Amino acid sequence: MKKHLPAKQLFGAIFLSLAIASLQAKTYATIDGKPAVTDKDLEILKQSIPNFNYAKLSDQEKEGIIQELVNRQLILKAAKAEKLDTSKEYTEAINNIKDQLLIDLWSKKQVGGIQMPSVNDAQIKEIYKNNEGMFINQEMHARHILVKTESEAKDIIKELDKAGKKAESKFIELANAKSIDPASKQAKNGGDLGTFQRNVMHPDFANAASNLKPGTYTQEPVQTPFGYHVIYLIKKSEPKVIPYNEAKKIIEEQIKMQNMQGGMMQKIQTLREKAKIQITK
(Lines give C-alpha, C1' and ligand atoms only; values in the text may rest on other atoms or scores of the structure.)
Protein backbone atom coordinates (compact mmCIF):
# COMPACT_ATOMS: atom_id res chain seq x y z
CA MET A 1 0.00 0.00 0.00
CA LYS A 2 1.34 3.47 -1.02
CA LYS A 3 2.30 5.95 1.67
CA HIS A 4 1.18 9.55 0.97
CA LEU A 5 3.36 12.54 1.89
CA PRO A 6 2.01 14.91 4.51
CA ALA A 7 0.68 18.18 3.10
CA LYS A 8 3.71 20.24 4.22
CA GLN A 9 6.15 17.79 2.62
CA LEU A 10 4.02 17.63 -0.55
CA PHE A 11 3.95 21.42 -0.97
CA GLY A 12 7.65 21.54 -0.20
CA ALA A 13 8.38 18.99 -2.92
CA ILE A 14 6.33 20.95 -5.46
CA PHE A 15 8.05 24.21 -4.51
CA LEU A 16 11.46 22.55 -4.80
CA SER A 17 10.69 21.12 -8.26
CA LEU A 18 9.52 24.55 -9.47
CA ALA A 19 12.63 26.19 -8.07
CA ILE A 20 14.85 23.65 -9.83
CA ALA A 21 12.96 24.23 -13.11
CA SER A 22 13.41 28.00 -12.79
CA LEU A 23 17.10 27.56 -12.13
CA GLN A 24 17.44 25.37 -15.23
CA ALA A 25 15.64 27.91 -17.46
CA LYS A 26 18.47 30.22 -18.48
CA THR A 27 17.81 33.94 -18.96
CA TYR A 28 19.85 35.62 -21.69
CA ALA A 29 18.49 39.16 -21.34
CA THR A 30 16.19 41.18 -19.12
CA ILE A 31 14.06 44.25 -19.79
CA ASP A 32 13.24 46.53 -16.87
CA GLY A 33 14.51 43.87 -14.49
CA LYS A 34 12.28 41.09 -15.85
CA PRO A 35 13.37 38.07 -17.94
CA ALA A 36 12.88 38.91 -21.61
CA VAL A 37 14.92 36.33 -23.54
CA THR A 38 15.09 32.78 -22.21
CA ASP A 39 15.64 29.22 -23.41
CA LYS A 40 11.99 29.24 -24.48
CA ASP A 41 12.67 31.95 -27.09
CA LEU A 42 15.64 30.02 -28.45
CA GLU A 43 13.50 26.87 -28.66
CA ILE A 44 10.88 28.75 -30.71
CA LEU A 45 13.69 29.99 -32.96
CA LYS A 46 14.95 26.42 -33.36
CA GLN A 47 11.50 25.27 -34.52
CA SER A 48 11.38 27.92 -37.25
CA ILE A 49 15.02 27.60 -38.43
CA PRO A 50 16.19 24.09 -39.42
CA ASN A 51 19.51 22.97 -37.88
CA PHE A 52 19.65 26.02 -35.60
CA ASN A 53 22.10 25.38 -32.77
CA TYR A 54 22.77 28.31 -30.45
CA ALA A 55 25.65 26.54 -28.71
CA LYS A 56 27.62 26.26 -31.96
CA LEU A 57 27.35 29.98 -32.82
CA SER A 58 30.26 32.37 -32.40
CA ASP A 59 30.09 34.95 -29.58
CA GLN A 60 29.32 37.64 -32.14
CA GLU A 61 26.49 35.58 -33.69
CA LYS A 62 25.06 34.82 -30.24
CA GLU A 63 25.10 38.52 -29.40
CA GLY A 64 23.28 39.30 -32.65
CA ILE A 65 20.59 36.67 -31.98
CA ILE A 66 19.97 37.92 -28.43
CA GLN A 67 19.78 41.55 -29.56
CA GLU A 68 17.20 40.63 -32.22
CA LEU A 69 15.13 38.75 -29.65
CA VAL A 70 15.32 41.75 -27.30
CA ASN A 71 14.07 43.96 -30.13
CA ARG A 72 11.21 41.53 -30.68
CA GLN A 73 10.17 41.72 -27.03
CA LEU A 74 10.36 45.52 -27.05
CA ILE A 75 8.12 45.67 -30.13
CA LEU A 76 5.64 43.23 -28.55
CA LYS A 77 5.57 45.32 -25.38
CA ALA A 78 5.02 48.54 -27.37
CA ALA A 79 2.27 46.92 -29.50
CA LYS A 80 0.40 45.73 -26.40
CA ALA A 81 0.77 49.15 -24.77
CA GLU A 82 -0.93 50.62 -27.85
CA LYS A 83 -3.65 47.96 -27.50
CA LEU A 84 -3.00 46.65 -31.00
CA ASP A 85 -3.85 43.15 -29.75
CA THR A 86 -7.48 44.30 -29.45
CA SER A 87 -7.59 46.08 -32.81
CA LYS A 88 -9.87 45.09 -35.68
CA GLU A 89 -6.89 44.26 -37.92
CA TYR A 90 -5.39 41.94 -35.29
CA THR A 91 -8.70 40.16 -34.67
CA GLU A 92 -9.32 39.66 -38.40
CA ALA A 93 -5.79 38.32 -38.93
CA ILE A 94 -6.16 35.87 -36.02
CA ASN A 95 -9.53 34.69 -37.36
CA ASN A 96 -8.02 34.17 -40.81
CA ILE A 97 -5.22 32.08 -39.28
CA LYS A 98 -7.77 30.03 -37.35
CA ASP A 99 -9.86 29.46 -40.49
CA GLN A 100 -6.80 28.36 -42.48
CA LEU A 101 -5.75 26.03 -39.67
CA LEU A 102 -9.20 24.43 -39.68
CA ILE A 103 -9.05 23.99 -43.47
CA ASP A 104 -5.59 22.42 -43.18
CA LEU A 105 -6.71 20.06 -40.41
CA TRP A 106 -9.84 19.05 -42.33
CA SER A 107 -7.82 18.44 -45.50
CA LYS A 108 -5.25 16.38 -43.60
CA LYS A 109 -8.01 14.26 -42.07
CA GLN A 110 -9.67 13.67 -45.46
CA VAL A 111 -6.38 12.75 -47.14
CA GLY A 112 -5.81 10.17 -44.41
CA GLY A 113 -9.06 8.46 -45.40
CA ILE A 114 -8.37 8.30 -49.15
CA GLN A 115 -7.49 4.81 -50.30
CA MET A 116 -4.36 4.73 -52.43
CA PRO A 117 -4.41 2.62 -55.63
CA SER A 118 -2.27 -0.47 -55.89
CA VAL A 119 0.19 -0.09 -58.78
CA ASN A 120 2.55 -2.91 -59.70
CA ASP A 121 6.00 -2.68 -61.25
CA ALA A 122 4.76 -3.61 -64.72
CA GLN A 123 2.28 -0.72 -64.75
CA ILE A 124 4.95 1.74 -63.61
CA LYS A 125 7.33 0.50 -66.34
CA GLU A 126 4.56 1.02 -68.90
CA ILE A 127 4.08 4.63 -67.72
CA TYR A 128 7.85 5.18 -67.87
CA LYS A 129 8.05 3.77 -71.39
CA ASN A 130 5.10 5.83 -72.71
CA ASN A 131 6.39 9.07 -71.22
CA GLU A 132 10.11 8.93 -71.93
CA GLY A 133 10.29 12.65 -72.71
CA MET A 134 9.13 13.47 -69.18
CA PHE A 135 12.04 11.61 -67.60
CA ILE A 136 14.94 13.60 -68.98
CA ASN A 137 17.04 16.03 -66.98
CA GLN A 138 17.90 18.97 -69.18
CA GLU A 139 18.39 22.57 -68.17
CA MET A 140 17.36 25.26 -70.64
CA HIS A 141 17.22 29.03 -70.85
CA ALA A 142 14.71 30.40 -73.34
CA ARG A 143 12.43 33.25 -74.32
CA HIS A 144 8.91 32.88 -75.65
CA ILE A 145 6.12 34.88 -77.19
CA LEU A 146 2.61 33.66 -76.41
CA VAL A 147 -0.32 34.64 -78.63
CA LYS A 148 -3.92 33.48 -79.02
CA THR A 149 -3.91 32.29 -82.63
CA GLU A 150 -1.68 30.30 -84.95
CA SER A 151 -1.80 33.03 -87.60
CA GLU A 152 -0.46 35.60 -85.09
CA ALA A 153 2.43 33.26 -84.24
CA LYS A 154 3.22 32.72 -87.93
CA ASP A 155 3.30 36.48 -88.54
CA ILE A 156 5.78 36.86 -85.66
CA ILE A 157 8.01 34.16 -87.17
CA LYS A 158 7.97 36.03 -90.52
CA GLU A 159 9.10 39.24 -88.78
CA LEU A 160 11.91 37.34 -87.05
CA ASP A 161 13.01 35.86 -90.39
CA LYS A 162 13.23 39.36 -91.87
CA ALA A 163 15.35 40.53 -88.89
CA GLY A 164 18.16 38.11 -89.80
CA LYS A 165 21.14 38.47 -87.46
CA LYS A 166 19.15 40.88 -85.27
CA ALA A 167 16.51 38.21 -84.59
CA GLU A 168 17.06 38.14 -80.82
CA SER A 169 16.64 41.90 -80.35
CA LYS A 170 13.58 41.74 -82.63
CA PHE A 171 12.27 38.81 -80.57
CA ILE A 172 12.60 40.88 -77.37
CA GLU A 173 10.80 43.81 -79.01
CA LEU A 174 7.92 41.59 -80.24
CA ALA A 175 7.64 39.77 -76.90
CA ASN A 176 7.25 43.06 -75.05
CA ALA A 177 4.69 44.31 -77.55
CA LYS A 178 2.61 41.22 -78.40
CA SER A 179 2.99 38.42 -75.82
CA ILE A 180 -0.14 37.71 -73.76
CA ASP A 181 1.87 35.88 -71.11
CA PRO A 182 0.96 37.82 -67.91
CA ALA A 183 4.49 37.61 -66.47
CA SER A 184 6.07 38.90 -69.69
CA LYS A 185 3.52 41.69 -70.02
CA GLN A 186 4.18 42.87 -66.49
CA ALA A 187 7.97 42.52 -66.47
CA LYS A 188 8.58 43.61 -70.09
CA ASN A 189 11.57 41.26 -70.08
CA GLY A 190 11.44 40.13 -73.68
CA GLY A 191 9.64 36.90 -72.81
CA ASP A 192 12.60 35.66 -70.74
CA LEU A 193 11.62 32.44 -68.93
CA GLY A 194 14.92 32.20 -67.08
CA THR A 195 16.59 28.84 -66.54
CA PHE A 196 14.27 25.86 -66.16
CA GLN A 197 14.19 22.06 -66.28
CA ARG A 198 12.47 20.69 -69.38
CA ASN A 199 10.18 18.42 -67.33
CA VAL A 200 8.47 21.41 -65.66
CA MET A 201 7.18 22.65 -69.02
CA HIS A 202 4.35 21.30 -71.15
CA PRO A 203 5.83 18.34 -73.14
CA ASP A 204 5.19 19.98 -76.55
CA PHE A 205 6.88 23.20 -75.40
CA ALA A 206 9.80 21.29 -73.82
CA ASN A 207 10.40 19.14 -76.90
CA ALA A 208 10.30 22.12 -79.25
CA ALA A 209 12.76 24.08 -77.10
CA SER A 210 15.06 21.07 -76.73
CA ASN A 211 15.18 20.55 -80.50
CA LEU A 212 16.45 24.10 -81.09
CA LYS A 213 20.08 25.14 -81.32
CA PRO A 214 21.12 28.05 -79.06
CA GLY A 215 20.48 31.35 -80.83
CA THR A 216 17.62 30.02 -82.96
CA TYR A 217 13.82 30.12 -82.76
CA THR A 218 10.96 27.80 -83.69
CA GLN A 219 9.98 27.91 -87.35
CA GLU A 220 6.47 26.67 -86.60
CA PRO A 221 4.10 27.79 -83.83
CA VAL A 222 4.07 25.52 -80.78
CA GLN A 223 0.57 24.88 -79.45
CA THR A 224 -0.15 24.23 -75.76
CA PRO A 225 -3.33 24.68 -73.69
CA PHE A 226 -2.19 28.28 -73.07
CA GLY A 227 -2.10 29.30 -76.74
CA TYR A 228 0.55 29.43 -79.48
CA HIS A 229 4.21 29.94 -78.64
CA VAL A 230 7.22 31.15 -80.56
CA ILE A 231 10.34 30.02 -78.67
CA TYR A 232 13.87 31.43 -78.78
CA LEU A 233 16.54 29.21 -77.19
CA ILE A 234 19.41 30.95 -75.40
CA LYS A 235 21.22 27.86 -74.10
CA LYS A 236 20.69 24.26 -73.03
CA SER A 237 22.59 21.49 -71.28
CA GLU A 238 23.03 17.97 -72.60
CA PRO A 239 19.93 15.85 -71.91
CA LYS A 240 20.35 13.02 -69.40
CA VAL A 241 17.78 10.24 -69.17
CA ILE A 242 16.54 9.60 -65.63
CA PRO A 243 17.07 5.87 -64.97
CA TYR A 244 14.03 3.75 -64.21
CA ASN A 245 14.96 3.19 -60.54
CA GLU A 246 14.86 6.97 -59.95
CA ALA A 247 11.87 7.57 -62.21
CA LYS A 248 9.88 4.87 -60.40
CA LYS A 249 9.82 6.96 -57.21
CA ILE A 250 8.71 10.02 -59.18
CA ILE A 251 5.92 8.07 -60.90
CA GLU A 252 4.71 6.59 -57.61
CA GLU A 253 4.58 10.06 -56.04
CA GLN A 254 2.73 11.47 -59.06
CA ILE A 255 0.15 8.67 -58.92
CA LYS A 256 -0.27 9.23 -55.19
CA MET A 257 -0.66 13.00 -55.67
CA GLN A 258 -3.16 12.62 -58.52
CA ASN A 259 -5.19 10.15 -56.48
CA MET A 260 -5.18 12.47 -53.46
CA GLN A 261 -6.24 15.45 -55.57
CA GLY A 262 -9.00 13.40 -57.22
CA GLY A 263 -10.22 12.12 -53.85
CA MET A 264 -10.24 15.62 -52.37
CA MET A 265 -12.16 17.01 -55.34
CA GLN A 266 -14.79 14.30 -54.86
CA LYS A 267 -15.16 15.18 -51.18
CA ILE A 268 -15.47 18.88 -51.97
CA GLN A 269 -18.01 18.08 -54.71
CA THR A 270 -20.07 16.14 -52.14
CA LEU A 271 -20.07 19.21 -49.89
CA ARG A 272 -21.18 21.38 -52.80
CA GLU A 273 -24.02 19.00 -53.70
CA LYS A 274 -25.35 19.14 -50.13
CA ALA A 275 -25.27 22.94 -50.04
CA LYS A 276 -27.46 25.49 -51.78
CA ILE A 277 -24.95 27.75 -53.53
CA GLN A 278 -25.87 30.94 -55.30
CA ILE A 279 -23.26 33.17 -56.93
CA THR A 280 -24.25 36.82 -56.70
CA LYS A 281 -22.73 39.58 -58.82
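Small disclaimer: the values here were computed from a predicted structure and weren't measured. The written sequence of each chain sets the order in which its residues are numbered from 1. Only residues with pLDDT of 70 or above have their local features reported here, since the model is predicted, and side-chain atom pairs are shown and tallied only from 80 upward, although totals for entire chains, interfaces and linings are computed over all residues. Think of the side-chain values as coming from all heavy atoms in the structure, minus any hydrogens and water.

### Describing the nonpolar core
Note the cut-off: Nine residue types can take part in a nonpolar core, namely buried Ala, Val, Leu, Ile, Met, Phe, Trp, Tyr and Cys, and a core is a set of them joined through side-chain atoms within 4.5 Å. Under the scheme applied here, a residue whose accessible area is under 20% of the maximum for its type counts as buried, over 50% as exposed, and between as partly exposed, the area being computed with a 1.4 Å probe on protein chains only. Contact definition: two residues touch when any of their heavy atoms are within 4.5 Å.
Counting residues in each nonpolar core, the largest one holds 14 residues, and the members touching the most others are Ile145, Val147, Ile156, Leu160, Phe171, Tyr217 and Val230. Discounting chain neighbours no more than four positions away, the residues touching tyrosine 217 are Ile157, Leu160, Asp161, Ala167, Leu212, Ile231 and Tyr232. If you look at the next biggest cluster of nonpolar residues, it comprises 11 residues, including Ala36, Leu45, Phe52 and Ile66.

### Looking at the sheet that holds strand E6 (residues 222-224)
Cut-off, in case you're wondering: Strand pairing is assigned whenever DSSP identifies at least 2 bridges connecting the two strands. Secondary structure follows DSSP: runs of H or I at least 4 residues long count as helices, runs of E at least 2 residues long count as strands, and numbering of each begins at the N terminus. A fitted line through C-alpha atoms represents every axis, and for helices the fit uses only the stretch in contact; the resulting angles, taken between N-to-C directions, go from 0 to 180 degrees.
An order of E5-E4-E7-E6 is seen for the four strands of this open sheet, with the pairing classed as antiparallel. What marks the edges here is a single partner per strand, and that holds for strand E5 (192-197) and E6. The mean inter-strand angle of the sheet, taken between neighbouring strand axes irrespective of direction, is 45°. With three bridges connecting them, E6 and strand E7 (residues 227-236) associate as antiparallel partners. Within the sheet, the bridge partner assigned to valine 222 lies in E7 and is histidine 229. Helix H6 (residues 150-163) rests against strand E4 (139-147) and E7 of the sheet, and its axis sits at about 40° to E7. Against the sheet, helix H7 (residues 167-178) engages E4 and E7, with an angle of about 50° to E4.

### As for the domain arrangement of the protein chain
Our working rule: Domain start and stop points were drawn from an automatic or database domain assignment.
Per the domain assignment, the segments of the protein chain are domain 1 (27-104), domain 2 (119-135 + 241-256) and domain 3 (139-237). Measuring from the centre of the C-alpha atoms in domain 2 to the corresponding centre in domain 3 gives 29 Å.

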